[in-house]
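# Inside the fold
Each chain, written out:
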Amino acid sequence: MEFPKYDMESELRRFRPLVTATARRYAGRGADFDDLVQEGYLALLELVPRCGDPERLPLFLKNRLPARVRAAARREWRQQYVPLEDVEGTPEEPAIFEEPHIPDRAVEECLCGEDRELVILLAGGFSQKEAAERFGITQQAVSARLRMVRKRLAPLIQ
């Protein structure tokens, strides 16, 4: 299939109202409006070339752009950004990231490298979808692996 050539600058200008309205809808609770506008423009840059029919482009973007901006907002909501100046010198000051220590040797032995990495990502606040993207597998595969990890760890927890 031959994809049409788009003038990206004019398309970005043309869909600016959609980007700003979508960003405004999901702004708040830690997700900044300006950051969401940037995410919206990044999504436009990815989505516009994927549409094979220029006449269907507005509907194509209307259906796909909000999901991209909403996902960015959720990432920001989970991170709960606090300026470093507010926590410097306090017990809440973040330390250099160290991999969490799994205290029980038996638990450590039950988790192979990828399963252990998966558990650490999920415990760190990543969604199953984000973990799936990092591992290059589907979200359903992550869910299945997590279910298997729970089964292996169940005897140790009881």
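Below: a short report on this structure. (Residues numbered from 1 in each chain as written. Predicted model: local features only at pLDDT ≥ 70, side-chain atom pairs only at ≥ 80, totals over all residues. Heavy atoms only, no water.)

### Some details on the side chain of Thr-22
We apply this condition: Secondary structure follows DSSP: runs of H or I at least 4 residues long count as helices, runs of E at least 2 residues long count as strands, and numbering of each begins at the N terminus. With a 1.4 Å probe rolled over the protein chains alone, any residue whose accessible area is under 20% of its type maximum counts as buried; one over 50% counts as exposed, and the rest are partly exposed. Residues adjacent in sequence count toward polar contacts only when both atoms are side-chain atoms; beyond that, a polar contact is any pair of N or O atoms within 3.5 Å, and within protein one must be able to donate a hydrogen and the other to accept it. Contact definition: two residues touch when any of their heavy atoms are within 4.5 Å.
Mapped onto the elements, Thr-22 comes out in helix 2 (residues 16-26). What makes Thr-22 buried here is its relative accessible area of 1%. Engagement of the side chain of Thr-22 in a polar contact is seen with the backbone oxygen of Leu-18, the distance being 2.7 Å. Apart from residues no more than four positions distant in its own chain, Thr-22 is found in contact with Leu-65, Pro-66 and Val-69.

### Concerning the nonpolar core
This is how the line gets drawn: Residues enter a nonpolar core if they are buried and are Ala, Val, Leu, Ile, Met, Phe, Trp, Tyr or Cys, with the set joined through side-chain atoms within 4.5 Å.
Ranked by internal contacts, the top residues of the largest apolar core, which has 20 residues, are Leu-36, Leu-44, Val-48, Leu-57, Phe-60, Leu-61 and Leu-65. Broken down by secondary-structure element, the contributors of at least two residues to this core are helix 2, helix 3 (33-47) and helix 4 (57-79). Here this core gets 7 residues from one element, more than from any other, and that element is helix 4. Residues in contact with Leu-57, not counting those within four places in the same chain, are Tyr-6, Glu-11, Arg-14, Phe-15, Val-48 and Cys-51.

### Let's talk about helix 8 (residues 128-135)
Regarding helix 8, the residues found buried are Glu-130, Ala-131 and Ala-132. Looking one or two residues beyond helix 8, the residue adopting positive phi is Gly-136, at roughly 75°.

### Some words on the pattern of salt bridges
Put simply, the test is: Each reported salt bridge corresponds to a side-chain nitrogen of Lys or Arg within 4 Å of a carboxyl oxygen of Asp or Glu.
Per the stated rule, a full pass over the model turns up 5 salt bridges. The partner of Arg-13 in a salt bridge is Glu-9, and the shortest N-O contact between them spans 3.0 Å. Of this pair, Arg-13 and Glu-9 both sit in helix 1 (residues 8-14), 4 residues apart, roughly one helical turn. The exposure classification of Arg-13 matches that of Glu-9, with both residues exposed. With a shortest N-O distance of 3.1 Å, Arg-14 and Glu-11 are connected by a salt bridge. With a gap of 3 residues between them, Arg-14 and Glu-11 both fall in helix 1, about one helical turn apart.

### Considerations on the packing of aromatic side chains
Selection criterion: A pair of Phe, Tyr and Trp rings is counted when the ring centres sit within 6.5 Å of each other, with Trp represented by its six-membered ring. The angle between the planes then sorts it: under 30 degrees is stacked, over 60 is edge-to-face, the rest tilted. We count a charge as sitting over a ring when the NZ of a lysine or the CZ of an arginine lies within 6 Å of the ring centre and within 35 degrees of the ring normal.
Summed over all chains, the structure comprises 0 aromatic pairs. Over the face of the ring belonging to Phe-135 we find Arg-145, whose NZ or CZ atom lies 5.7 Å from the ring centre.

### Let's talk about the packing of helix 2 against helix 3
Heads up, the condition is: All axes here are fitted lines through C-alpha atoms, helices being fitted over the stretch that makes contact, and every angle between N-to-C directions spans 0 to 180 degrees. Here roughly perpendicular refers to angles of 65 to 115 degrees, roughly parallel to angles under 35, roughly antiparallel to angles over 145, and oblique to all remaining angles. What makes a crossing left-handed is the near helix being turned counterclockwise from the far one by less than a right angle; a clockwise turn instead makes it right-handed. Classification used: nonpolar for Ala, Val, Leu, Ile, Met, Phe, Trp, Tyr, Cys and Pro, charged for Asp, Glu, Lys and Arg, polar for all others including Gly.
The contact between helix 2 and helix 3 brings their axes to 8 Å, and the two run at 135°. If you check the angle between helix 2 and helix 3, you find them oblique. For the pair helix 2 and helix 3, the sense of crossing is right-handed. The segment helix 2 lies against helix 3, with Arg-16, Val-19, Thr-20, Ala-23, Arg-24 and Tyr-26 engaging Phe-33, Leu-36, Val-37, Gly-40, Tyr-41 and Leu-44. Partitioned by chemical class, the residues of the contact of helix 2 with helix 3 number 8 nonpolar, 2 polar and 2 charged.

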